[in-house]
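Here is how the chains run, residue by residue.
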Amino acid sequence: MSENERQTLLEATKEMFYFGYENYMKYAYPEDELDPIHCTGRGHDHKNPGNININDVLGDYSLTLIDALDTLAIIGDTKEFQRSVQRVIEDVTFEKDTTVQVFEATISDRALLSRDHLLLSRDHLLLSRDHLLLSRDHPLPSRDHPLLSRDHSLLTLHYCFVTMCYCLMIRHYFLLPRHYYLLPRHYYFLPSHYYLLPRHDYLLPRVLGGLLSAHLLIEDPSQRLGDLRPEWYNGELLDMATDLAARLLPAFSLSPTGIPHPRVNLRSGVPYGGRTDTCTAGAGTLLVELGILSRLSGDPTYLLAARRAARALWARRHNTTELLGNVLDMNTGKWMSELSGVGAGLDSFYEYMLKSYILFGEQEDYAMFNVSYARIKQYMRRGRAACNRGTGDHPLYVNVLMSSGGTHTSWIDSLQAAFAGLQVLAGDVEEAICTHALYWSIWQKFGVLPERYNWQSSAPDVLFYPLRPEFAEATYLLYQATRNPFYLHVGREVLHSLNNLTRVQCGYATVHSVIDGSLEDRMESFFLSETCKYLYLLFDHDNPVNSESRGYLFTTQGHVIPMGPWLRDNSLWDQEHFASETQKPNTSDSSTWAPKCAAVEQARQFGLPLASHYLQQLATANVRDKKWLHLEEVKRNEKKEINSAEAQAADGGLRQLKHRQLMEACVSCSTGSRWRPASAAAQAADGSLSNRTQRNSRKVSKEFWPLKKIVI
């Protein structure tokens, strides 16, 4: 790749970032995210608390801006960085009144919080008298008029009678004072001022990490990224980070196992009767941010909490395979899912074992990582023994059962694309090359990465792509490790795909389906904070983060941390507090993996990182199942015909469709569910666009972003 082309790609990446960022600031700020199709903001969905796709993440604290602070610094926009820091300090607070109390929900068995009462019970929901829902026909509850259900119909007398003095529930229900009413778990309706409860595993990496990263870049004595410090700055971002962490500590302190509660109310702490299931990554991805905060504040409490959680998870690995599951009960410590892999639910737990060692020098973390990585390669790896020699299928890391190591599923997810970057950091570069090549072949097939891909059927299981950064991250890190221009070409194709397939009127939209290219009206915060950042750094050879790469570390959410000796200074507190409560891993075991960190041969920096016949093997696998691709084309055509028929029916041209036609039109999706023709209203509700709408909404034409295949 020529120097001129690299510079052009660098400027194009910067333009992509600013197109998303400026539209967020224009149309969405101070809300959390941008809806790029309708050019509006998106925050917590107060009207529909059950909308977990939104409420699990957004909490009305300007998430996109906090997440993107260090990206502004890396791009070199000092003035906008300082303005954004001031906006965050002045506008963002974690002490919410009635505008937003709490956020992030689950789909069932929810605990609720009202203004006056904590509403309890996993099996039943309590509603205060002040917020009781009444029908128009029955304005007052009485013996003859029981409470309303979720669909606004009256509950049968089988469930409850409401009297003047108390509420009597039939069967095994409770006797309550008159100002409380009990509803069965399946019959409820939530007013807009009831809020669901937050998940700390989103708050810690994204919000806390963004605040700490910006603070450290401001306070960096060398100011390698420019003069970022505003004259008026006095540690306000650190104060905000400390305030947020203190609000999350009850999730740790009230746990009988040390594994934190998955949700916590920012005002009142852990909700009684809330869910207790948590994923390994969510509970174990805490050491970096909380460890940094402890050293900055001089308070070991935060690091102690994170260390206890990591040890509690490690102690529950299987005694034979030494693998961990991906979901467990934080109260009992028992595994609820024995799926073990390197993707969703586990990925960042392994990542933070290694990054915690790099930052803090804790040998315990490094030993746990080496044992885990050895078991991953022993039980999860399939395919030929070596990446660039030998015969057999291309190497692949599959999901297995933690108890036996046997294959558990036939799919991999897009989050696993980041595993190649972790392998680079661990020194296993050759293996990282093969891991990355697999996801690159999938990207070439669809133009983006489907959320889940079935390696057995060579087809996507879950079709959407929410602009995830994991593949761009691995591409960037492999280029830094190998300096092979192949990865610049990969980055160019990623950039072109994003502009061709996801760019809309006011930003970049989630791909709803990698099959038909339909879009959803959402640009998640990590697009600006990670995807754009990694692509920019890939093309910016002279960026201080690259030229002084030993001085920086990326968190799991892509926030850059300037490193220094102070991070390994343990003289601030008594080390006896950190003594391991469990037996440390046996690092003398010959089966424990040890990094070799061998540099890639210089001659290979000018050829393909993976031998051409191995790349051809992946390309052949991609087109092997032409029959499936043909069937998908047939499905799309049938869907168009049915949608067209529905449109005619709406116009009065066709009153109804014959039962036989509908049955023929219904086809099985790769996820196993039944496809039904979607109405225009349903499409508008989920933000998806028709192909014609997509073409009209894109500002960048394919002529400007020509897709070029890399010639092998």
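Residues numbered from 1 in each chain as written. Predicted model: local features only at pLDDT ≥ 70, side-chain atom pairs only at ≥ 80, totals over all residues. Heavy atoms only, no water.

Concerning helix α6 (residues 236–248)
- Look at α6: 19 Å from first C-alpha to last across 13 residues, which is about the 18 Å you get at 1.5 Å a residue.
- Considered for burial, the residues of α6 that qualify are L237, L238, M240, A241, L244, A245, R247 and L248. (Helix = DSSP H or I, 4+ residues; strand = E, 2+ residues; numbered from the N terminus. Expected span 1.5 Å × (residues − 1). Buried < 20%, exposed > 50% of the residue type's maximum accessible area, 1.4 Å probe, protein only.)

Some details on the sheet that holds strand β18 (residues 452–454)
- If you walk across this open sheet you meet the three strands as β17-β18-β19, and the pairing is antiparallel. One side of each edge strand has no neighbouring strand; the edge strands of this open sheet are β17 (411–413) and β19 (459–462). The sheet shows a mean angle of 35 degrees between the axes of neighbouring strands, taken without regard to direction.
- In this structure, β18 lies alongside β19, joined through three bridges in antiparallel fashion. Within β19, the position partnered with N454 by the bridge is A459.
- Where helix α14 (residues 429–446) meets the sheet, its contacts fall on β17, β18 and β19, and the angle it forms with β17 comes to roughly 90 degrees. (Pairing = 2+ DSSP bridges. Axes fitted to C-alpha atoms, helices over the stretch in contact; angles between N-to-C directions. Contact = heavy atoms within 4.5 Å.)

Some thoughts on helix α15 (residues 470–482)
- With 13 residues, α15 extends 18 Å between its outermost C-alpha atoms, agreeing within 8% with the 18 Å of an ideal straight helix rising 1.5 Å per residue.
- Among the 13 residues that make up α15, 11 are buried, leaving the element largely enclosed by the rest of the structure.
- Those residues of α15 that fall on the buried side of the exposure criterion are E470, F471, A472, E473, A474, T475, Y476, L478, Y479, Q480 and T482.
- Immediately downstream of α15, the backbone of R483 shows phi near 55 degrees, a positive value.

Details of the confidence of the model for the protein
- Considering every residue of the protein, the mean pLDDT works out to 76; 67% of them sit at 70 or more.
- For the protein, the element scoring lowest by mean pLDDT is strand β3 (residues 112–113), at 28; strand β21 (residues 507–508) scores highest, at 98.
- Scored below 50 in pLDDT, residues 97–201 makes 253 contacts in the model with residues more than four places away or belonging to other chains. (pLDDT = per-residue confidence, 0-100.)

Notes on the pattern of salt bridges
- What the rule picks out here adds up to 23 salt bridges.
- Residue R83 is joined to E80 by a salt bridge in which the shortest nitrogen-to-oxygen separation is 2.8 Å. Residue R83 and its partner E80 are located together in helix α4 (residues 78–91), separated by three residues, close to a single helical turn.
- Using a relative accessible area of 41% as the deciding quantity, one classes R83 as partly exposed.
- The closest approach of N and O atoms between D365 and R307, which form a salt bridge, is 2.4 Å. In this pair, D365 sits in helix α12 (residues 363–379) while R307 sits in helix α10 (residues 301–315), placing the two residues 58 residues apart along the sequence.
- On the basis of relative accessibility, which here comes to 0%, the residue D365 falls in the buried class.
- Judged by its relative accessible area of 3%, R307 falls in the buried class.
- One connected set of salt bridges, linked through shared partners, spans E5, R492 and E493. (Salt bridge = Lys/Arg side-chain N within 4 Å of Asp/Glu carboxyl O.)

Here's the deal with the environment of D60
- Here D60 is to be found in the loop between α2 (52–55) and α3 (63–75).
- Residues D60 and T93, 33 residues apart in the sequence, show an inter-C-alpha distance of 9.2 Å.

Let's talk about the state of the cysteines
- As enumerated under the stated definition, the model contains two disulfides in all.
- The disulfide bridge from C39 ends at C506, spanning 1.8 Å between sulfur atoms. The sign of the 80 degrees torsion about the S-S bond sets the C39-C506 disulfide as right-handed. Linking C39 in the loop between β1 (33–35) and β2 (40–42) with C506 in the loop between β20 (503–504) and β21, this pair joins segments that are 467 residues apart in sequence.
- Note on C39: relative accessible area 17%, which makes it buried. (Disulfide = S-S within 2.5 Å.)

Comments concerning the packing of aromatic side chains
- The tally for this structure, following the rule as stated, stands at 20 aromatic pairs.
- Arranged with centres 5.4 Å apart and planes meeting at 15 degrees, the rings of W443 and F471 form a pair that is stacked. In this pair, W443 is assigned in helix α14 and F471 in helix α15, connecting sequence segments 28 residues apart.
- By relative accessible area, which is 3% here, W443 ends up buried. (Phe/Tyr/Trp six-rings, centres within 6.5 Å; stacked < 30°, edge-to-face > 60°.)

Thoughts on the packing of α12 against helix α13 (residues 419–426)
- The geometry of α12 relative to α13 is characterised by a closest axis approach of 13 Å and an angle of 125 degrees between their N-to-C directions. Taken together, the axes of α12 and α13 are oblique relative to one another. Between α12 and α13 the crossing geometry is left-handed. Each of F369, Y373 and I376 in α12 lies in contact with α13, whose residues at this interface are F419, L422, Q423 and A426.
- Among the residues making up the contact of α12 with α13, the classes are represented as six nonpolar, one polar and no charged. (Parallel < 35°, antiparallel > 145°, perpendicular 65-115°, else oblique. Left-handed = near helix turned anticlockwise from the far one by under 90°. Nonpolar A, V, L, I, M, F, W, Y, C, P; charged D, E, K, R; others polar.)

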